[in-house]
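Below are the chains, spelled out letter by letter.
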Amino acid sequence: MRRALLLFILASLAADANAQTKAPLPPLPPPQSVPKPAADTGGPYSPQSILPGGVVVPLYAPGSPYLHADKVHSPEVYKMSGAVPGRISSIVSIHNPSIEIHTVEQGINTGTAIIVIAGGGHRTLNVGGEAADFVPFFANYGISTVILRNRLRADGYVAEVDAVHDAQQAVRMVRAYAKEFRIDPKRIGVMGFSAGAELAAPSALLYEEWDKANSDPADPFAGVSSRPDFAGIIYPGPTPFARGRTAPAIPKDVPPAFLVCGGAGDQVHAVWALDYYQAMLHAGVPNVEIHLYGNGRHPGDALPDGSRMSGGLTDRNGIPFGTWQYRFIDWARDLGFLQKPGVETKAAKDVAAYVANPPRPFGERRGTPSPR
């Protein structure tokens, strides 16, 4: 008995000694293919792909009057995630705006493309959660994703002018290159988040003005429409219909829209979403859908548990607001954007019917001549 106990003690001591002399784990290698901005060459900055495989195209030709010649050479500045190696959380110093196209496999391609416009309060561009994350999500449904890098108020630009122009130019450019990217030119939409929705909303309204202002035959995109075929307006900043603004005329062929926001927990953005929705509703515009969730705050807002509300595609701790993207897919499928390319969508048919026979404005009595 004593001998067995002694052997046990000796074995334990030997094990402890071995543990103390055990070699440490080998160091992990650094992350691979971490994206980084291009260098300042003195010429127009060359935007780099945020995700592997992206085709990056500047929106404007060198020397364009829409660019600031004294700034266009400046490199972008990336803020990288502190938790996920290689993930770009946000970008600032965008002086040569661009689009980054990610197409889908031919066998599942619907021909639909969505230009995603990240938020960030016009101070930064949150390309992680509100742009890059959508590439694999949309690809699963046969939708190509185009990431817009637009100019920011924080970098000295007028968001309501310069950034809106960037979104409008993005639509023209994607449509012009539709064949090269296997995109149906009649299935190009915009989707903006927060400050990005402040660009998506006017893009869905003011396309006739932009096209007219850029009709010079010397412009290779002249004659290519900047009208999006649909618009996603996600927890938006103020739209052109916000109180205190002069509401624009609603075009006869205004595209359908899908709107999302938290409700009382994000009251100010919910009101802005309602402003747009009510303007469309009063005009009888077809296929405009809104989801105001009872529980949900704006991305970045403080929560009672000390954390902050997330945005984009995140689950949001299991609340229904975290599933809005599936409601969008339902809406897009219902309107025909998930069919095979080349087939006329329900959305296009309904727009044509609305143009041909618009309803009377809301509240107008029967027998009153329609202004249309």
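The structure this text deals with has already been given above.
Figured I'd write up the structure that's included with this text. Bear in mind that the values here come from a model prediction, so they are computed numbers and not experimental data.

Side note on the overall build of the chain
Then step 1. Helix and strand counts for the chain come out as nine helices and 10 strands.
Then step 2. Taken over the C-alpha atoms alone, the chain extends approximately 110 × 50 × 45 Å along its principal axes.
Then step 3. When contacts within the chain are restricted to residue pairs at least 6 apart in sequence, long-range pairs at least 24 apart make up 76% of them.
Then step 4. Per element, the accessible surface of the chain, about 18200 Å² overall, is 58% carbon and sulfur.
Then step 5. Positive and negative charge centroids in the chain, built from 34 and 33 side chains respectively, lie 5 Å apart.

Observations regarding the layout of surface pockets
Then step 1. Quantified by volume, the largest pocket comes out at close to 520 Å³.
Then step 2. Partitioning the lining of the largest pocket into residue classes produces three nonpolar, 17 polar and five charged.

Structural notes on the sheet that holds strand S4 (residues 98–102)
Then step 1. The sheet built from eight strands is open, its strands ordered S1-S4-S6-S5-S7-S8-S9-S10 with mixed pairing. Whereas interior strands pair on both sides, the edge strands pair on one side only; in this sheet they are strand S1 (55–58) and strand S10 (289–293). Sheet twist, expressed as the average angle between the axes of neighbouring strands with direction ignored, equals 15°.
Then step 2. Running over the sheet, helix H7 (residues 267–282) touches strand S8 (230–234), strand S9 (257–262) and S10 and is turned about 160° from S9.
Then step 3. Running over the sheet, helix H8 (residues 324–334) touches strand S5 (113–117), strand S7 (188–193), S8, S9 and S10 and is turned about 165° from S9.

Observations regarding H7
Then step 1. Taking 1.5 Å of rise per residue, 16 residues should cover 22 Å, and H7 covers 22 Å from first to last C-alpha, within 8% of that figure.
Then step 2. For H7, the set of buried residues is His269, Ala270, Ala273, Asp275, Tyr276, Tyr277, Ala279 and Met280.
Then step 3. Buried residues along H7 sit against helix H5 (197–203), S8, S9 and S10.
Then step 4. At the exit of H7 stands Gly284, carrying a positive phi of roughly 75°.

Considering the environment of Phe328
Then step 1. With respect to the helices and strands, Phe328 occurs in helix H8.
Then step 2. Of the residues examined, Phe328 reaches a relative accessible area of 1% and is grouped as buried.
Then step 3. For Phe328 and Gly232, which are 96 residues apart along the polypeptide, the C-alpha to C-alpha distance reads 8.3 Å.
Then step 4. Every residue in contact with Phe328, bar those within four places of it in the chain, is listed here: Ile114, Phe138, Met191, Phe230 and Phe258.

Side note on helix H4 (residues 159–176)
Then step 1. With 18 residues, H4 should reach 26 Å at 1.5 Å per residue; the first-to-last C-alpha distance of 25 Å fits that figure.
Then step 2. Counting buried positions over the 18 residues of H4 gives 15, a clear majority of the element.

As for the pairing of S7
Then step 1. In terms of burial, S7 is a largely internal element, six of the six residues being buried.
Then step 2. Side chains Ile188, Val190 and Gly192 project from S7 onto one buried face, and the interleaved Gly189, Met191 and Phe193 project onto a second face that is buried too.
Then step 3. As paired elements, S5 and S7 share five bridges and run parallel to each other. Bridge pairing in S7 places Ile114 opposite Gly189.
Then step 4. As paired elements, S7 and S8 share five bridges and run parallel to each other. Paired with Val190 across the strands is Ala231, a residue of S8.

Looking at unusual backbone geometry
Then step 1. Notably, Ser33 is not glycine yet its phi reads approximately 55°, a positive angle.
Then step 2. In this fold, Ser33 is placed in the loop between helix H1 (2–21) and S1.
Then step 3. A residue is classified by how much of its surface remains accessible, and Ser33, at 73% relative accessible area, is exposed.

Rules of the game
- As a convention, each chain's residues are numbered from 1 in the sequence order in which they are written.
- pLDDT decides what is reported in this predicted model: residues at 70 or higher carry local features, side-chain atom pairs at 80 or more are listed and counted, and totals for whole chains, interfaces and linings draw on all residues regardless.
- For side-chain calculations, the full set of non-hydrogen atoms in the structure is used, while hydrogens and water are omitted.
- The secondary structure listing takes helices from DSSP runs of H or I that are at least 4 residues long and strands from runs of E that are at least 2 residues long, numbered from the N terminus.
- Contacts are residue-level and defined by heavy atoms, with any inter-residue pair within 4.5 Å sufficient.
- Where accessible areas are quoted, they stem from the Shrake-Rupley method and a 1.4 Å probe; at the residue level, only the protein chains shown are allowed to cover.
- Lys and Arg are tallied as positive, Asp and Glu as negative. Neither His nor the chain termini are counted.
- To locate a charge, take atom NZ for lysine, CZ for arginine, CG for aspartate or CD for glutamate.
- Method remark: on a 1 Å grid restricted to protein atoms, a set of points is classed as a cavity if a 1.4 Å probe fits but cannot get out and as a pocket if it is open with protein on both sides within 12 Å along at least five of seven lines; lining residues have an atom within 4 Å of a point.
- Grid points are joined across faces, edges and corners, and a volume is the space filled by probe spheres set on the points.
- Amino acids are sorted into nonpolar (Ala, Val, Leu, Ile, Met, Phe, Trp, Tyr, Cys and Pro), charged (Asp, Glu, Lys and Arg) and polar (every other residue, Gly among them).
- Pairing between strands requires that DSSP locate at least two bridges from one strand to the other.
- In this analysis, axes come from line fits to C-alpha atoms, helices being fitted only over the stretch in contact, and the angle between any two N-to-C directions falls in the range 0 to 180 degrees.
- Expected helix span is computed as 1.5 Å times (number of residues minus one).
- Only protein chains enter the accessibility calculation, which uses a 1.4 Å probe; a residue is then buried when its area is under 20% of its type maximum, exposed when over 50%, and partly exposed in between.

Scope: geometric values only; no functional claims are made or implied.
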